[in-house]
Protein chains: 2
Amino acid sequence: MDNLEIIKRKAVQIFSEEDLQRKINSGRKLTIKLGADPSRPDLHIGHSVVLRVLKQFQDMGHEVIFVVGDFTGMIGDPSGKSKTRPSLTFEETRKSAETYLKQATKILDKDKTKIAFNSEWLSKMNFADVVSLTSKYTVARIMERDDFKNRFENNLPLSMHELLYPLMQGYDSVALNADIEIGGTDQTFNLLVGRELQKDYGEEPQVVMTFPLLVGLDGKEKMSKSLDNYIGLTDTPYQKFEKSMKIPDNVLRQYFELATDLPNNVIEEIMRKDIREAHILFAKELIKMYDNINDFENAKNRYLKVAKGDIPDDIEEVKIKEEKINICDLLVKVGFASSKGEAKRMVIGKGVKIDSITVTDINEIIGIQKGKIVQFGKNKFIKLLK
Amino acid sequence: MDNLEIIKRKAVQIFSEEDLQRKINSGRKLTIKLGADPSRPDLHIGHSVVLRVLKQFQDMGHEVIFVVGDFTGMIGDPSGKSKTRPSLTFEETRKSAETYLKQATKILDKDKTKIAFNSEWLSKMNFADVVSLTSKYTVARIMERDDFKNRFENNLPLSMHELLYPLMQGYDSVALNADIEIGGTDQTFNLLVGRELQKDYGEEPQVVMTFPLLVGLDGKEKMSKSLDNYIGLTDTPYQKFEKSMKIPDNVLRQYFELATDLPNNVIEEIMRKDIREAHILFAKELIKMYDNINDFENAKNRYLKVAKGDIPDDIEEVKIKEEKINICDLLVKVGFASSKGEAKRMVIGKGVKIDSITVTDINEIIGIQKGKIVQFGKNKFIKLLK
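Residues numbered from 1 in each chain as written. Chains lettered and ligands numbered in written order. Predicted model: local features only at pLDDT ≥ 70, side-chain atom pairs only at ≥ 80, totals over all residues. Heavy atoms only, no water.

Novice: Explanation requested: the sheet that holds strand S7 (residues 317-319) of chain B in the structure shown.
Specialist: Either a parallel or an antiparallel arrangement is found when strands of a sheet pair, and the pairing is made through backbone hydrogen bonds. All names here are of chain B. The strand order across the open sheet formed by five strands is S7-S13-S12-S9-S10, and the pairing between neighbours is mixed. Because the sheet does not close on itself, it has two edges, and the strands there are S7 and strand S10 (357-358). Sheet topology places strand S9 (residues 352-354) next to S10; two bridges connect them, and they run antiparallel. Its bridge partner lying in S10, Lys353 is registered against Thr358. (Pairing = 2+ DSSP bridges. Helix = DSSP H or I, 4+ residues; strand = E, 2+ residues; numbered from the N terminus.)

Novice: Help me out: how do you make sense of the sheet that holds strand S2 (residues 31-36) of chain A in this one?
Specialist: Residues and elements named next belong to chain A. Spatial strand order, S1-S6-S5-S2-S3-S4: six strands in an open sheet with mixed pairing. Each of the sheet's edge strands pairs with one partner strand only, and the pair in question is strand S1 (13-15) and strand S4 (113-117). Strand-to-strand twist across the sheet, computed as the mean angle between neighbouring axes with direction ignored, equals 25 degrees. Sheet analysis places S2 next to strand S3 (residues 63-68), joined by six bridges and oriented parallel. Among the inter-strand pairings, Ala36 is bridged to a residue of S3, identified as Val68. The strands touched by helix H2 (residues 17-25) within the sheet are S1, strand S5 (180-184) and strand S6 (207-211), with S6 carrying the most contacts at an inclination of about 115 degrees. Lying over the sheet, helix H3 (residues 45-59) contacts S2, S3, S4, S5 and S6, oriented at roughly 155 degrees with respect to S5. (Axes fitted to C-alpha atoms, helices over the stretch in contact; angles between N-to-C directions. Contact = heavy atoms within 4.5 Å.)

Novice: Teacher, can you tell me more about the packing of aromatic side chains here?
Specialist: The relation between two aromatic rings is expressed through the spacing of the ring centres and the mutual angle of the planes. Across all of its chains, the model carries 15 aromatic pairs over all chains by this definition. Their ring planes at 75 degrees and their centres at 5.4 Å tell us that Tyr171(A) and Tyr201(A) sit as a pair that is edge-to-face. Remark: Tyr201(A) occurs in the loop between helix H11 (188-200) and S6 and Tyr171(A) occurs in helix H10 (residues 160-176); sequence separation between them is 30 residues. You can call Tyr201(A) partly exposed: its relative accessible area is 28%. Here Tyr255(B) and Phe282(B) contribute two aromatic rings whose centre-to-centre distance is 5.7 Å and whose plane-to-plane angle is 75 degrees, an arrangement assigned as edge-to-face. With Tyr255(B) in helix H13 (residues 252-259) and Phe282(B) in helix H15 (residues 275-290), this residue pair connects regions lying 27 residues apart in the sequence. The exposure class assigned to Tyr255(B) is buried, which follows from its relative accessible area of 0%. (Phe/Tyr/Trp six-rings, centres within 6.5 Å; stacked < 30°, edge-to-face > 60°. Buried < 20%, exposed > 50% of the residue type's maximum accessible area, 1.4 Å probe, protein only.)

Put into structure tokens, the structure is as follows:
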């Protein structure tokens, strides 16, 4: 099966397959657009679904452009109604783009990846240009977007500038003369705006391809950092292993399909075997892709030890100057608790052990000795140094 | 009764009376804004309602600013969905503003009247400024405007840029720091947008005052040039007289109240008398205001003659070179018909007379003699010259 077939098999929707085939057949080097949100530069394996599709396009000789929405990012949400869109400075958007690219090139070919900032063209548009842009879209069509529709119909605040955002994003495709734009299924509406605007501006419309959203570790919500249900591309091998073991059994197959490159028949075989073993194999794939396969055994051993209630070999060490210290102060010092109040609750909840013995008194004084192990829950360990 | 009381009595709504009183009491020279549509520079007595209110403000020492919407006028309607808003050139908007001012100063004090073009500030706004402007208004509030609401709910085309127009017009008030804006009741929504935006931009909100719309000569629709139911400020005294006689009896009182300066008790007295006499007195007031009272008797005499079926004394003369000419060609030459087809229909409809004798044959040849009278209908006359 060739790359294009793999891509097409993964896609949820393609607008349209004929257009895609024609563009591919043209033999031109195509420009593949992906929008990047500069306010959330931390990538997780949910993002990897489309990044890996981009890599396949790169392998076919095409060029990827990340469009960083720095213009909208810098404007932020002037209405102040949304806390999730703080306005960013010029430096922040550049730094965020760098972070983004660094992580994305764990998957992508750096030489075939460009980054563009939409302030380049949007900041140069004047009021007349905006009127011209907005004249190309009806209110009815923009209000088809589910969130707009719901907020409007339920009398929830919806500011007029919010209606401009999809048009800005769509205009990015015009400015770049994008051939293909890809994204998650939640982006379908926005990507199609780009396709339609290109027609209005006399360009060949981009092919829009949408891909499934990976569900988070909770098995319910879309994977996202803010819900803390994610496996980050920059998580340590041990974190990847540990989180992989937590994937709900009923979505593990989806994780294999969307987040690894294993062929379907191999996935089938894995899923037929022991489910715990399947989780371990998933972790192995992740570590192989994003870290170093040599790290796999270490991560596995550590995990298994911890799972048995043992103390792992490689524990972070923290130096404590005091001779003696209150248990709660110690928990704050080693970074397990962010306040003494939180530390007290951890002790009262019987989650804290010193050298495998549970501490129950919040006033207990701990003598600091080299090699003493502080433990919280099943898998947080610190080795003390004097 | 002082000027302010007269103004307040005429107003349909004031947002708010307290604000108005406070601004007047401040003793400052206030800026009174009126929007002028550069695509329709011909003023009629329907416009005079607000113009005469402006004059009263001028008499109180305040300054009037006409805002010519040249920015929107120059952009026009890029969607091409409305034929009523063709885009205008820079020269056209300037010329239109001149025409507008020339007519408006038949009522207003020229020295206390300024003209401003909204391209001065709107053309300087960039996309970020537009986002900031639009962030100050919710979709729900803009969609309260009746025409937007109806078109949206009835699935009629409504382009997104149309939603921007009220905000542009509202921003004009911000740019001018207007103290008061006045307009017809049909402008209430737009004027309030200005009042609200000023608050958002940290200015003292303008007082909004709306005034009744004068009904047209059809007694039904709002007076407008496009419906040809108007009495123009630049109509000749005779046209003013003749059109005044056509005002439906049941709206004549309204015409007196809105379009003249006569006090209520005088209007009462006039309306109690003979209704035909009342029409004549209305015509007299118009000619007194906009032309010269000396023209009144002439207009009246001509009208009475024509009404009796007589030929008036002062008829426009047209020189015809031919010795003989077909009746239809003649009608085109003297300007009664714009095509031979139209001329034929006029003859067939028995509307055409030569020296008071109806012409019935479209092939009739007319001998051209000095003093011969060509007549169409009851009141269109041309005297021929050789």
